[in-house]
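Close look at the chain arrangement
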Amino acid sequence: MKELSGRAFAERFALNPMGYSWLLGAGASATAGIPTGYQMIQEFRTRLYASEAGISLREIDSADPIWQARIDRHHERQGSLPPKWDPSEYSRAFEALYPTPEDRRLYIRNQVSKGSPSLGHKVLGSLLSARKTPCVFTTNFDALIESAATVAAQFLPADQRTTVTLAAIDNAARAETCLRESEWPLIVKLHGDYQSIELKNTDAELLEQDTQLRLVLTQSLQRFGLVVVGYSGRDVSVMQALSAVLRDPVPYPKGIYWLCQDPANLLPAVREFLEQAALAQVDVHLVRGTTFDELLGDIADVTDLPQTLVSHIFGDRRSTDTTQVPLQRQAALAAPVLRLSAMPLLEMPRAARRLTLNAQAGISDVRALLKQANAKAVVGQAGNPGLLAAFGADAPLTQALAPFGSSSAGEIALDIGKDSWAKGVVYDALVLALCRELPLHARLQGRGHSLSVSRPRSDLPPEVAQDRRSLLAKLRVAYGTELTGPVPGTTGKYAEGLWIRLEEADDRWWVVFEPATFIDFGRPQQDEDPAQASLEWRKAEDWRRERWVQKYNHKWSTILDAWVELLTHAKGARRGAYGLPEGDGIDAVFELGPRTARSRPGHDHDYFHFQRGQQ
């Protein structure tokens, strides 16, 4: 998928400002002081946990990862909320905490009262007042956009002011009239205004979008391009409306520009929509490396606006005083001062097996068939339904997926820097490759990618048990304890391990690893007391915190050394996920560099070396 910088999009926008409409989500109001959807989810989950576990809310630090893990574990055991990161998590948690529409409306009113327009709202309000953008659609309940437009209008002469039409659920006819008569500018509150009697928050409410507002949204997007900022794509009704536009002969004539920090964090529904739009010949771009305020600031900088609005946005720049400040010159260390837990990735797979399916099947259905057939493989949906990227032996893959009409179609290229699906496939294969032939267990369930020391079995042959002890010897010495075992006072069992992630820096990819102690409990029984389970989890978390509090820098360094040696020396630095013979299929082969990354002081630059040489 194509990517564009915020500044590059601003230059494109300035050429034809009236060619683009906007869709804003909660992320656009974050810097204005209003909680984002994710922050509200965390608050809902924390309050529900405190209520159900009988704990004072003031005792909980929801920003602490230990408390977060404790809260997550509680809700996993309770099962009343969807899994974390599920698209319905916000609506289900909101309804569980505040069951009545009136309570939810009061909560929203209290939240929006905390905000004041940010730079982005100030610019967008100015664009609306100056007739430099036609319409803004938003799922937010706050009044930041219309407030900013009202303030901006006061800086224009009376004969140049534009009245912005505001439409919400309870006055949707206004939006329809505006669309029919092209009376721009228009602001549409898709889920209602905080003063509306009806708000859309729960699953049932979000499922049905107001017919008139949906019509205005879809027909507007048949005229304009779309800029999406701060919107997660959680509600089905809006995503369905966006997808419906693709059936028009000329959808999104000025393209789609979706602002995001990391494509890997886009919800599946968003990725599918953008991929379908690209297939429909829509010019689709991800706008990365910028925020709502930064993007709108760039737009204000290059767009032709009345001088009074420029001064309103940026202030009077003429009053800024400048003066020369001498650079501090002093001796600086050139030696590395920080060691980073990152190993260079010298080799990674650039292609996987390309499989096509005749049947419409989700990736979960595919993995279920592979598990049922005991076929060892890593698979991922390669952007389009019915197209898979896979690592593993060809024959078992084809045989296992025969019910879906699977056929091999050569290879498919992997670009983990651009395609989130490719990165996901490589992630899974990397963790498996790191664990192969070592006493390690790949932990691929849940959020993130990790591995841990496997728990020893009592039936291991003596020579295998001895090899295991030899491989883990340095790691055991580094920790100073056993690497697996029971958590005292609980039924939980722990295992030392690593969180794994891929990061790109200095024009290369790195495997970043973070030591962690994983604690597992058995599946909850039907007659299990939730209070007792919560108590056990708290005990286990306290034990884990005490276990790590004594690990100072020298201890950390020893632990990092032991992990690096295990992963790069014990069975070689070049690792395959399956160790397939030549011609049996496509294996995922990785090679790690044994030396971890180092950082130098930011002032240790050639420029400063030159200056010191002139003194």
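The structure this text deals with has already been given above.
I will try to describe carefully the structure that is included in this document.

Conventions we followed
- Residues numbered from 1 in each chain as written.
- Predicted model: local features only at pLDDT ≥ 70, side-chain atom pairs only at ≥ 80, totals over all residues.
- Heavy atoms only, no water.
- Helix = DSSP H or I, 4+ residues; strand = E, 2+ residues; numbered from the N terminus.
- Buried < 20%, exposed > 50% of the residue type's maximum accessible area, 1.4 Å probe, protein only.
- Contact = heavy atoms within 4.5 Å.
- Phe/Tyr/Trp six-rings, centres within 6.5 Å; stacked < 30°, edge-to-face > 60°.
- Pairing = 2+ DSSP bridges.
- Polar contact = N/O pair within 3.5 Å; in protein donor to acceptor, adjacent residues only side chain to side chain.
- Axes fitted to C-alpha atoms, helices over the stretch in contact; angles between N-to-C directions.
- Core = buried A, V, L, I, M, F, W, Y, C linked by side-chain atoms within 4.5 Å.
- Arc of directions from axis to C-beta.
- Disulfide = S-S within 2.5 Å.
- Parallel < 35°, antiparallel > 145°, perpendicular 65-115°, else oblique.
- Left-handed = near helix turned anticlockwise from the far one by under 90°.

This brings us to the overall build of the protein chain. Each helix and strand counted, the protein chain has 21 helices and 23 strands in total. Here the protein chain holds 615 residues, and 48% of them are scored as buried. A separation threshold of at least 6 residues defines the contact pool for the protein chain, and within that pool the share at least 24 residues apart is 72%.

Per the stated rule, a full pass over the model turns up 16 aromatic pairs. On the basis of an interplanar angle of 45 degrees and a centroid distance of 4.7 Å, the ring pair of Phe9 and Tyr257 is categorised as tilted. You can see Phe9 sitting in helix H1 (residues 6–15) and its partner Tyr257 sitting in strand E7 (residues 256–259), a full 248 residues away along the chain. Of the two residues, Phe9 and Tyr257, neither departs from the other in class, the shared state being buried. Between the aromatic rings of Tyr231 and Trp258, the centroid separation amounts to 6.3 Å while the plane-to-plane angle is 40 degrees, which identifies the pairing as tilted. In this pair, Tyr231 sits in the loop between strand E6 (225–229) and helix H11 (236–245) while Trp258 sits in strand E7, placing the two residues 27 residues apart along the sequence. Each member of the pair, Tyr231 as well as Trp258, is classed as buried.

Attention shifts here to the pairing of strand E11 (residues 351–356). Two elements, E11 and strand E14 (residues 407–413), share five bridges in a ladder whose sense is antiparallel. Paired with Leu355 across the strands is Ser408, a residue of E14. Taken together, the four bridges between E11 and strand E13 (residues 387–393) define a ladder with antiparallel strand orientation. Paired with Arg353 across the two strands is Ala390, which belongs to E13.

With that settled, the discussion passes to the environment of Leu97. Along the polypeptide, Leu97 turns up in helix H4 (residues 89–97). Placed 53 residues apart in sequence, Leu97 and Phe44 show a C-alpha to C-alpha distance of 6.5 Å. Every residue in contact with Leu97, bar those within four places of it in the chain, is listed here: Phe44, Arg47 and Leu48.

A few words on the environment of Leu156. Its place among the elements puts Leu156 in the loop between helix H7 (144–153) and strand E4 (165–167). Leu156 has contacts with Ser129, Arg161, Pro306, Thr308 and Leu309, leaving out every residue within four places of it along the chain.

This part is about the side chain of Thr490. Secondary-structure assignment places Thr490 in the loop between strand E17 (484–486) and strand E18 (493–505). Among the polar contacts listed, one links the side chain of Thr490 to the backbone nitrogen of Gly492, at a separation of 3.0 Å. If sequence neighbours within four positions are ignored, Thr490 has contacts with Phe521, Glu536, Lys539 and Ala540.

Here we come to the sheet that holds strand E8 (residues 284–288). If you walk across this open sheet you meet the eight strands as E1-E8-E7-E6-E2-E3-E5-E4, and the pairing is parallel. Of all the strands in the sheet, just strand E1 (2–5) and E4 have a single pairing partner and so form its edges. Neighbour to neighbour, the strand axes of the sheet diverge by 20 degrees on average, direction disregarded. Pairing between E7 and E8: four bridges, direction parallel. Each residue of the ladder has a partner; that of Tyr257, found in E8, is His285. Relative to the sheet, H7 contacts strand E2 (20–24), strand E3 (135–138), E4 and strand E5 (186–189), its axis offset from that of E5 by approximately 160 degrees.

As a rule of thumb, soluble globular proteins bury nonpolar side chains together. Core analysis: the biggest nonpolar cluster contains 54 residues, and Phe391, Leu440, Leu451, Leu475, Leu502, Trp563 and Phe590 have the highest contact counts within it. Sort the elements by how many residues they give to this core and helix H17 (residues 420–435) lands first, with eleven residues.

Those residues of helix H15 (residues 363–372) not exposed but buried are Val366, Leu369 and Leu370. Axial view of H15: buried residues confined to an arc of 100 degrees, hence all on one face. For H15, the exposed residues set more than 90 degrees away from the buried face come down to Ser364, Lys371 and Gln372. Elements in contact with the buried residues of H15: strand E12 (377–381), E13 and helix H16 (394–400). Positioned one or two residues after H15, Asn374 has a phi angle of 55 degrees, which is positive.

Per the counting criterion, the structure on display carries zero disulfides. Lacking any disulfide linkage, Cys178 is separated from the closest cysteine sulfur, that of Cys135, by 7.9 Å. Residue Cys178 is classed as buried on the basis of its relative accessible area, which comes to 1%.

So, on to the packing of H1 against helix H13 (residues 292–302). At a minimum axis separation of 8 Å, H1 and H13 run at an interaxial angle of 45 degrees. Considering the angle they form, H1 stands oblique to H13. For the crossing formed where H1 meets H13, the hand is right-handed. Listed contacts from H13 to Gly6, Arg7, Phe9, Ala10, Glu11, Phe13 and Ala14 of H1 are Leu295, Asp298, Ile299, Asp301 and Val302.

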